[in-house]
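# Fold and geometry: a report
Each chain, written out:
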Amino acid sequence: MSKAIVYFASVRAHAFDYDYGMVGKFEEILNQVDLSNYVEEDEYVALKMHLGSHGAYRTVRPVFLRKLVDAVRDQKGQPFICDTVRIPGLEYLRTANRNGINELSTGAPVLMADGIFGMDSVTIKTGPILGEIGVASAMHDAPSMIVVSHCKGHIASGYGGAIKNLGMGGIAFKDRKGNAQRGRMHFLQNAKLTWDEEKCSQCLQCINACPHEGIAFDEANILNIYSEKCARCGRCARVCPEAALILPQNDEMFQGVLAEAAGAVLSTFDKNKVLYVNFITDIHPECDCMPMADSAVVSDVGVLVSDDIVAIEKATLDLIGEAQVIQNSKAGDKEITEAGNIFEKVHGKDPYMQVKAAAKAGLGTMEYEIKTIECKPKPDGSTEPRMFGH
């Protein structure tokens, strides 16, 4: 397999000129990629992204979404922005609106790909771990897709980028019978969330972090876990300071299941109908589903675009590994001075495992070639920065 091309625009601007800034360079990447290779006239195009949470503000900025929407419309495509239900559907849409992601700012409607109740899905055969999984209907039915990922840390997988964006975010919340679909990926081997009463300090952080009212203390101060409400997201275990909530997980299996589920989503698209955009900015250690955003662990890097999910994820992690560590962060708390595989250092989970699993599943190649965009050329083809007089 030949090397995949990965387009890159650095966050650095080396001239006081729009065309040298990241927004202008992103426009040029979209020009060079040539969206006509991926989008046909009147075709619905799913722009899959995480919409953030109440308090999690480090999402992809609307200005970049608008540029992407405009580029799709230039090809006469019909874009829509989507994610799947993580919290109740209407609340999630209101959260997206508060985060500035709406049709007014982006130029495209925003919707829940698995329906407002999170139960609209199509069951797709997967690999040996899951067997089958419910892919969100709007993504299953869309003829083309652009996966827009904010690259950051994640407590369960170490890192969340394009693979996690599809492998979890492309999967429906539940099926029509009420069975968890996405949640199955957290609770493997039919294991259940357990509570250690002796460790529990009853600080209530788990209850406050749960967006589904899936846990509560009763009058006897016993924690009840309501399986019919639990989304298996693991937030409660993540925020527990006493490790009183235990989330069973096999790290290698979980990384593999992310790749397997991402492959299930991608199997519903024809070849050359999916493009990936990875924003390597605001690289904080938590998932955007958390009710807050922490300080970034490394400096901003830029944006990558490719049609190979494995190559773009490998390139993203490699570039993050070269970035400068920010000491006022969880990385500083752990006295990390050089990034390297920083999310493994912060979370104890190797994110390259999911990339290797995706490559093993045939989703792409680990070999890539970076094509750096230095600026957007002027209409006459020149690349000289604009000069400003006094």
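Note: the structure precedes this text.
We now turn to the structure provided with this report. (Residues numbered from 1 in each chain as written. Predicted model: local features only at pLDDT ≥ 70, side-chain atom pairs only at ≥ 80, totals over all residues. Heavy atoms only, no water.)

## Focus on the overall build of the protein
We apply this condition: Going along the chain from the N terminus, every DSSP run of H or I of four or more residues is numbered as a helix, and every run of E of two or more is numbered as a strand. Any residue under 20% of the maximum accessible area for its type is buried, any over 50% is exposed, and the rest in between are partly exposed; the area is computed with a 1.4 Å probe on protein chains only. Working rule for contacts: check all heavy atoms of both residues, and any pair within 4.5 Å makes them a contact. Residue burial considers only the protein chains on display, and all accessible areas are found by Shrake-Rupley using a 1.4 Å probe. Just so you know, the count uses Lys and Arg for positive and Asp and Glu for negative, and it drops His and the chain ends. A charge is said to be at NZ when it belongs to Lys, at CZ for Arg, at CG for Asp and at CD for Glu.
When its secondary structure is counted, the protein shows 13 helices and 16 strands. If one aligns the C-alpha atoms of the protein with their principal axes, the spans along those axes are about 75 × 45 × 40 Å. Per-residue burial over the protein gives 56% buried out of 390 residues. Across the protein, every contact between residues at least 6 apart in sequence was considered, and the portion connecting residues at least 24 apart equals 74%. Looking at the protein as shown, the accessible area adds up to about 17200 Å², and 49% of this sits on carbon and sulfur atoms. Averaging the locations of the 40 positively and 51 negatively charged side chains of the protein gives two centres separated by 2 Å.

## Quick look at the environment of Gly332
Tracing the backbone through its elements, the reader meets Gly332 in helix H11 (residues 330–333). Put simply, Gly332 and Cys151 are 181 residues apart on the chain and 19 Å apart in space, counted from C-alpha to C-alpha. Apart from residues lying up to four places away in sequence, Gly332 is in contact with Ile326 and Gln327.

## As for the side chain of Ser149
One can find Ser149 in strand E7 (residues 144–150). Overall, the relative accessible area of 2% leaves Ser149 in the buried class. In contact with Ser149, not counting residues within four places along its chain, are Val60, Gly161, Ala162, Asn165, Val277, Asn278 and Phe279.

## A few points about the pattern of salt bridges
Cut-off, in case you're wondering: Salt bridges, as used here, are contacts in which a Lys or Arg side-chain nitrogen is within 4 Å of a carboxyl oxygen on Asp or Glu.
The tally for this structure, following the rule as stated, stands at 20 salt bridges. Residue Lys378 is joined to Asp17 by a salt bridge in which the shortest nitrogen-to-oxygen separation is 3.1 Å. Of this pair, Lys378 sits in the segment after strand E16 (368–372) while Asp17 sits in the loop between strand E1 (4–10) and helix H1 (22–33); the two residues are 361 residues apart in sequence, bridging distant segments of the chain. The residues Lys378 and Asp17 share a single accessibility class, namely buried. Salt-bridge contacts for Glu27 lead to Lys376; the nearest nitrogen and oxygen are separated by 2.6 Å. Of the two residues, Glu27 is situated in helix H1 and Lys376 in the segment after E16; the sequence distance between them amounts to 349 residues. For Glu27, a relative accessible area of 16% puts it in the buried group. Among the charged side chains, a network of salt bridges with common partners joins Asp17, Asp19, Lys378 and Arg386.

## Quick word on the packing of H1 against helix H2 (residues 62–74)
Angle between the axes and distance between the axes are the two parameters that describe a pair of packed helices. Going by this rule: Axes, fitted as lines to C-alpha atoms, cover a helix only where it is in contact. Angles between the N-to-C directions of the axes lie from 0 to 180 degrees. We call two directions roughly parallel when the angle between them is under 35 degrees, roughly antiparallel when it is over 145, roughly perpendicular when it lies between 65 and 115, and oblique otherwise. Less than a right angle of anticlockwise turn of the near helix away from the far helix marks a crossing as left-handed, whereas a clockwise turn marks it as right-handed. The classification used treats Ala, Val, Leu, Ile, Met, Phe, Trp, Tyr, Cys and Pro as nonpolar, Asp, Glu, Lys and Arg as charged, and all other residues, Gly among them, as polar.
For the pair H1 and H2, the least separation of the axes is 10 Å and the interaxial angle reads 25°. By the criterion of interaxial angle, the relationship of H1 to H2 is roughly parallel. Between H1 and H2 lies a crossing of right-handed hand. For the pair H1 and H2, the contacting residues are Met22, Val23, Phe26, Glu27 and Leu30 in the first and Val63, Phe64, Lys67, Leu68 and Ala71 in the second. Here the residues of the contact of H1 with H2 sort into 8 nonpolar, no polar and 2 charged.

## Things to note about unusual backbone geometry
For residues that are not glycine, phi is negative in most cases, and the peptide bond is trans in most cases. The phi dihedral of Lys76 falls on the positive side, at around 65°, and the residue is not glycine. Turning to its location among the elements, Lys76 is positioned in the loop between H2 and strand E3 (78–83). Look at Ala243: it is not a glycine, yet its phi comes out positive at around 55°.

## Regarding the packing of aromatic side chains
Put simply, the test is: Aromatic pairs are defined between Phe, Tyr and Trp rings, using the six-membered ring for Trp, whenever the two ring centres lie within 6.5 Å; interplanar angles under 30 degrees are classed as stacked, those over 60 as edge-to-face, and all others as tilted.
Considering all chains together, one arrives at 5 aromatic pairs under this definition. For the pair Phe26 and Phe64, a centre-to-centre distance of 5.8 Å together with 75° between the ring planes defines the contact as edge-to-face. Taken together, the residues span a long stretch of sequence, with Phe26 in helix H1 and Phe64 in helix H2 at a distance of 38 residues. You can call Phe26 buried: its relative accessible area is 0%. Arranged with centres 5.0 Å apart and planes meeting at 55°, the rings of Phe64 and Phe279 form a pair that is tilted.

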